[in-house]
Amino acid sequence: MPTPTPSSPSAANAASTASTASTANAASTIELNISGMTCASCAARIEKKLNKHDGVQAQVNYATEKATITGGTDALDADAFIATVEKTGYGAELIPDASAPGSQAPQDAMAEAELDSLRRRLIVSAVLAVPVIALAMVPAWQFDYWGWVSLALTLPVVLWAGWPFHKATWQNLRHGSVTMDTLISLGTSSALLWSLVALIFGSAGDAGMRHGFDFTVSRGDGLSHIYLEVAAGVITFILLGRYFEKRSKRTAGSALRALLDLGASEVTVLRDGSETTISIDELAVGDEFVVRDGEKIATDGVIISGHSTIDTSMLSGESIPVEAGPEDSVAGATINVGGGKLVVRATKVGADTQLAQMAKMVEDAQSGKASAQRLADKISGIFVPIVIGVSVLTLIAWLLIDGDWAAAFTAAVAVLIIACPCALGLATPTALLVGTGRGAQMGVLIKGPEVLEQSRGIDRVVLDKTGTVTTGVMELADVITAEGVNRDEVLHLAGSLEHESEHPIGRAIARAAADKRADDSRSLSEVTEFESIRSAGVRGVVDGRQVAVGKPSLADNEDLGALQQPFVDAQKQGHTALAVLVDGSPAAVLTVADQVKDTSAAAIQQFQELGIETMLLTGDNQAVADTVAAEVGIDHVKAEVMPEDKVAVIEEYQAQGYQVAMVGDGINDAPALAQADLGMAMGTGTDVAMESADITLVRGDLRAATDAIRLSRRTLGTIKGNLFWAFAYNTAALPLAALGLLNPMLAGAAMALSSVFVVSNSLRLRGFESTADTD
């Protein structure tokens, strides 16, 4: 397949275009945080209601819990949209400008409040449900009137802890739909109500009532048995699954927050010839500000005076800082690492900066990523109407055939009770717990169930270079000496000189020289008359000898003699080549490069064995990219790309029908990680990348990416198997309930065995092996 080559504007033009669009649409686009959604059908319902407003187009995303509403050039009435959402049965809150400080606070507060509420319900229900289940399953513990104690413990579980399910059921029924919530509410409510009837009007509340173990299929007295353990257990298990899902979704906006936190909070501006520190919010286009060594550049601008080296890895991913001087453009949040003082004139501020545009790309990609609707909801949409229909038909049939109202209602309610999915409550959370736990042991952190769905069909993986395929650290690759020159001696001289430099390449040389001399930088010699020559290199006196390290321009007539060809060859391979001059004569050529990780080639081979094609996508130069790709066996290469170009490449793949995974570690990878069907971030990289990704690979081994895909597929398969058997049990037992042959103890035992099977099946994931362990 040919490598996609989407046409993208330059970084400057892209930022300018995005900035213009952002400005033009600012007044006609608003975003709302939505609370209370329990499934994808909730999002669709809200979206339909919002789109009934004249002249607007609304999109509601269940994964990010946001509604984006666009209209004409007139300002939109946020209050009207909020009122519509609330009338539909959900909560809504206006999101301020994403680029404004503190813009994430309301969203964070709403999400945290929901998570806290769910956590409280889970803890209370678990504490109360355990004794209820224990009393029902162990006859020896069933004391006199134990059923009434179980009722007292179950009531708060069903009515308070399970309230979100009942509320969602009512909302869904009002709109003519059923989901997993409907099944939960219907089953637990039926179990509670029938148990209450049995306790009050039947013999279940008598002093000597016991639940024994009678595993026979026979007609029973429905008013002598209670099903409180069903109600309490299902609510607790489902809450457990919802809690893990909500906790994973809590990080959906963390990438945006982490990106915005990268920017400077204060800036030193020049006002009337003096320096004044102000908040970044007060900075305006045209202001001149100072950036000293080690400081972040406050916003996008143009250098007015000064020379230094800028770490632009945030945007380009390239590990080597670039030199900058007057008239050069710089981007906000990049770092001055070259030791020089810069004066910069601001050209863009706020939402117009490249940093804000990167955050917007991440947000757009997250909002546009289709959320996988819960498997249980899909099945429930078919199963619930069938259960209700069978229950109604059972009631009618018994009345017509037998005429016994008690028997008819017993059978009808039994259908609803047996349909309540005990094992279903365990199906997803247990597989997730075991699968994600095993992944964590292998250094693979999976964020949530949607991730498993996304990993299933991956057939293309796009790889960042620096820090992903390579170590991301500049290291000395080779020392090529002139005839008669001692290798260790010339490295010592060059390393001593570069030890005075702050440049990453200089540090790599100094580190290599120090390692040669007892792994101690103090073993390097003193340097006098040190001088840094802009765009050329460094020079000074080491051990009484004149030493210079840098470009050939440091030599007379730029002639390296016999070392000229090795210098050129190193550059063709994508390495950084430096000439070493000792007392004015070419003594050696040093080559510095970002080294390929030892395990990268094996990882690429494993991707290919899984039927997944690989592509190297990097902001580094083409020669470096080609060299790295050839060394590890990557199929396709695209180099010298900006963050928006990476997103464009992934979108091109997706448009061709491919399921794309992205593996990266840098800030510049965040938009692409969010856009990909499956984003995987190296745990050795930046927080922004990890927040944007679906999976974090804790160890710096690319083989963890193949482990992640294999483990995700295995876990998803386990969940599907669990769901099948959970529903198969319910389906098989329905005819017994409808015929009035539902023996409560047989049903309880079957429920227990179904749950044991689900747990045992999930525990098999503990045997999943990492490819790193088997090599």
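Sequence order as written defines the numbering, with residues in each chain counted from 1. Restriction of local features to residues with pLDDT of at least 70 applies here, the model being predicted, together with a cutoff of 80 or more for giving and counting side-chain atom pairs; totals for whole chains, interfaces and linings are based on all residues. In computing side-chain values, all of the structure's heavy atoms are included and hydrogens and water are not.

*Asks:* Got a sec to walk through the overall build of the protein? Specific residues and values, please.
*Replies:* Of the regular secondary structure elements, the protein holds 27 helices and 26 strands. Exposure is judged per residue with a 1.4 Å probe applied to protein chains only, and the accessible area is read against the type maximum: over 50% gives exposed, under 20% gives buried, and values in between give partly exposed. Here the protein holds 775 residues, and the buried ones make up 53% of them. Sequence-distant contacts, at least 24 apart, represent 71% of the contacts inside the protein between residues at least 6 apart. Carbon and sulfur atoms form 55% of the exposed surface of the protein, whose accessible area is close to 31,700 Å². Note on conventions: DSSP H or I runs of at least 4 residues are helices, E runs of at least 2 residues are strands, and numbering of each starts at the N terminus. Residues count as neighbours in contact if any of their non-hydrogen atoms are within 4.5 Å of one another. In this description, accessible areas are obtained by the Shrake-Rupley approach with a 1.4 Å probe, and a residue is regarded as covered only by the protein chains that are shown.

*Asks:* Mind laying out helix α17 (residues 487–498), listing which residues take part and the relevant values?
*Replies:* The span one expects for a helix is its residue count, reduced by one, times 1.5 Å. The end-to-end C-alpha distance of α17, which contains 12 residues, comes to 16 Å, matching closely the 16 Å that a straight helix rising 1.5 Å per residue would cover. Across the 12 residues that make up α17, a large majority, 9, are buried. Buried residues of α17: V490, L491, H492, L493, A494, G495, S496, L497 and E498, and no others. Side-chain atoms alone can form a polar contact between residues adjacent in sequence; in general such a contact is a pair of N or O atoms within 3.5 Å, and within protein one must be able to donate a hydrogen while the other accepts it. At the N-terminal end of α17, a side-chain oxygen is found 3.1 Å from the backbone nitrogen of D488, two or three residues along, and the residue is N486.

*Asks:* So, the environment of V384: which residues are in play, and what are the values?
*Replies:* For V384, the location among the structural elements is in helix α12 (residues 375–401). Look at V384 and you get buried, because its relative accessible area is 0%. Remark: the alpha-carbon pair of V384 and T182, spanning 202 residues in sequence, is separated by 7.4 Å. If sequence neighbours within four positions are ignored, V384 has contacts with V178, T179, T182 and L183.

*Asks:* How would you summarise the packing of aromatic side chains if you had to cite specific residues and measurements?
*Replies:* Classification of ring pairs uses Phe, Tyr and Trp, with its six-membered ring standing for Trp, and accepts pairs whose centres are within 6.5 Å; under 30 degrees between planes counts as stacked, over 60 as edge-to-face, and the remaining range as tilted. Under the defined criterion, the tally for this structure stands at 1 aromatic pair. Taking 6.1 Å as the distance between ring centres and 85 degrees as the angle between the ring planes, the aromatic pair formed by Y653 and Y658 counts as edge-to-face. Here the guanidinium or amino end of R121 rests over the ring plane of W160, the centre of that ring lying 5.0 Å away. Criterion for a charge above a ring: Lys NZ or Arg CZ within 6 Å of the ring centre, and within 35 degrees of the ring normal. In this arrangement the basic side chain of R460 is found over the ring face of Y658, its NZ or CZ atom lying 3.9 Å from the centre.

*Asks:* Any chance you could break down the environment of G435 for me, citing the residues and the numbers?
*Replies:* As for its placement among the helices and strands, G435 is situated in helix α14 (residues 422–441). Accessibility expressed as a relative area gives 0% for G435, which makes it buried. For the pair G435 and L711, spaced 276 residues apart in the sequence, the C-alpha separation amounts to 7.2 Å.

*Asks:* So what's going on with the sheet that holds strand β4 (residues 91–95)? Residues and values would help.
*Replies:* The antiparallel open sheet is built from 4 strands, whose spatial order is β2-β3-β1-β4. Each having just a single partner strand, β2 (57–61) and β4 make up the two edges of the open sheet. Each strand of the sheet is rotated relative to its neighbour by a mean of 25 degrees, with strand direction disregarded. Where helix α3 (residues 78–88) meets the sheet, it contacts β1 (29–35), β3 (66–70) and β4, and its direction lies at approximately 155 degrees from that of β4. DSSP calls a pair of strands paired once it identifies at least 2 bridges connecting them. Helix axes are fitted to C-alpha atoms over the stretch in contact, other axes to C-alpha atoms as well, and angles between N-to-C directions run from 0 to 180 degrees.

*Asks:* I'd like to hear about the sheet that holds strand β12 (residues 335–336), residue by residue, with values.
*Replies:* Strand order in this open sheet of 3 strands is β10-β9-β12, and the pairing throughout is antiparallel. Whereas interior strands pair on both sides, the edge strands pair on one side only; in this sheet they are β10 (322–324) and β12. In terms of strand pairing, strand β9 (residues 308–311) meets β10 through 3 bridges, oriented antiparallel. Bridging from a neighbouring strand, S308 pairs with A324 of β10.

*Asks:* Can you tell me about the environment of S308, naming the residues and giving the values?
*Replies:* Examined against the element boundaries, S308 turns out to sit in strand β9. Of the residues examined, S308 reaches a relative accessible area of 6% and is grouped as buried. Distance in space between the C-alpha atoms of S308 and A324 is 5.6 Å, their sequence separation being 16 residues. Among the polar contacts made by the side chain of S308, one reaches the side chain of N336 at a distance of 2.4 Å.

*Asks:* So what about the pairing of strand β7 (residues 288–291)? Which residues, and what values?
*Replies:* One ladder, built from 2 bridges, connects strand β5 (residues 266–271) with β7; its direction is antiparallel. By the bridge assignment, T268 is partnered in β7 with V290.

*Asks:* Quick one: what's the story with the side chain of T591, residue by residue and with numbers?
*Replies:* Along the chain, T591 turns up in strand β21 (residues 585–596). Setting aside residues up to four positions removed in sequence, T591 forms contacts with E475, L476, A477, D478, A570, H575 and T576.

*Asks:* Report on a nonpolar patch on the surface, specifying residues and quantitative values.
*Replies:* A surface patch of nonpolar side chains, about 640 Å² in accessible area, is lined by Y145, W148, L193, L196, I200 and F201. In terms of residue count, helix α7 (residues 180–201) provides more of the nonpolar patch than any other element does, 4 residues in total. For patches, a residue must show more than 30% relative accessible area and have no salt bridge; joins then use 9 Å for like charges and 5 Å for nonpolar side chains, namely Val, Leu, Ile, Met, Phe, Trp and Tyr. The working definition used for a salt bridge is a side-chain nitrogen of Lys or Arg within 4 Å of a carboxyl oxygen of Asp or Glu.

*Asks:* I'd love a proper account of the nonpolar core, names of residues and values included.
*Replies:* Definition of nonpolar core: a set of buried residues of the types Ala, Val, Leu, Ile, Met, Phe, Trp, Tyr and Cys, connected through side-chain atoms within 4.5 Å. If you look at the biggest cluster of nonpolar residues, it comprises 35 residues, and the most contacted ones within it are L463, V663, M680, I695 and L697. Sorting the residues of this core by element identifies β14 (444–446), β15 (460–463), α20 (600–609), α21 (622–632), β24 (660–664), β25 (678–682), β26 (695–697) and α25 (703–738) as the ones contributing at least two each. Membership of the second largest hydrophobic core comes to 33 residues, among which are L128, V158, F165 and V413.

*Asks:* Describe the UniProt feature "transmembrane region" (unreviewed entry) in the protein, listing the residues and the values that go with them.
*Replies:* UniProt positions are given in the numbering used here, feature names are shortened, and annotations may be inferred rather than shown by experiment. With numbering aligned to this structure, UniProt lists the feature "transmembrane region" (unreviewed entry) at residues 122–139, 145–163, 183–204, 224–244, 379–401, 407–434 and 722–739. Structurally, residues 145–163 is divided into 89% helix and 0% strand, and its ends, taken at the C-alpha atoms, are 27 Å apart.

*Asks:* I'd like a rundown of the pattern of salt bridges, residues and numbers included.
*Replies:* Under the counting rule described, the total for this entry stands at 14 salt bridges. Ionic pairing is found between K465 and D594, a salt bridge with its closest N-O pair at 3.5 Å. Here K465, found in helix α16 (residues 465–469), pairs with D594, found in strand β21; they are 129 residues apart in sequence, far enough to count as distant. This pair shows no difference in class: K465 is buried, exactly as D594 is. We note a salt bridge from D583 to R545, for which the minimum N-O separation is 3.4 Å. One end of the pair, D583, is in the loop between β20 (576–582) and β21; the other, R545, is in strand β19 (residues 545–550), and 38 residues separate them in sequence. R545 sits in the partly exposed class, given a relative accessible area of 30%.

*Asks:* Break down unusual backbone geometry for me, citing the residues and quoting the values.
*Replies:* The backbone of E327 shows a phi angle near 75 degrees, a positive value even though the residue is not glycine. For E327, the position within the fold is in the loop between β10 and β11 (329–330). For D543, which is not glycine, the phi torsion reads 50 degrees and is therefore positive. Here D543 lies in the loop between β18 (537–542) and β19.

*Asks:* Account for the packing of helix α5 (residues 146–161) against helix α6 (residues 163–174), with residues named and values stated.
*Replies:* Relative orientation of the contacting elements α5 and α6 amounts to 45 degrees, with a least axis distance of 5 Å. As far as their axial angle goes, α6 and α5 are oblique. Listed contacts from α6 to V158, L159, W160 and A161 of α5 are W163, P164 and H166. Each residue receives one of three labels: charged for Asp, Glu, Lys and Arg, nonpolar for Ala, Val, Leu, Ile, Met, Phe, Trp, Tyr, Cys and Pro, and polar for the others, Gly being one of them. By residue class, the composition of the contact of α5 with α6 is 6 nonpolar, 1 polar and no charged. Roughly parallel covers angles under 35 degrees, roughly antiparallel covers those over 145, roughly perpendicular covers 65 to 115, and oblique covers all other angles.

*Asks:* Report on the side chain of S391, specifying residues and quantitative values.
*Replies:* Here S391 is to be found in helix α12. Setting aside anything within four residues of it in sequence, one finds S391 in contact with A412, V415 and L416.

*Asks:* Just give me the short version of the pairing of strand β13 (residues 342–346), but keep the residues and values in it.
*Replies:* The buried fraction of β13 is high, at 4 of 5 residues. The pairing of β7 with β13 spans 4 bridges and is antiparallel. If you follow E288 over to β13, its bridge partner there is R345. Sheet analysis places strand β8 (residues 301–305) next to β13, joined by 4 bridges and oriented antiparallel.

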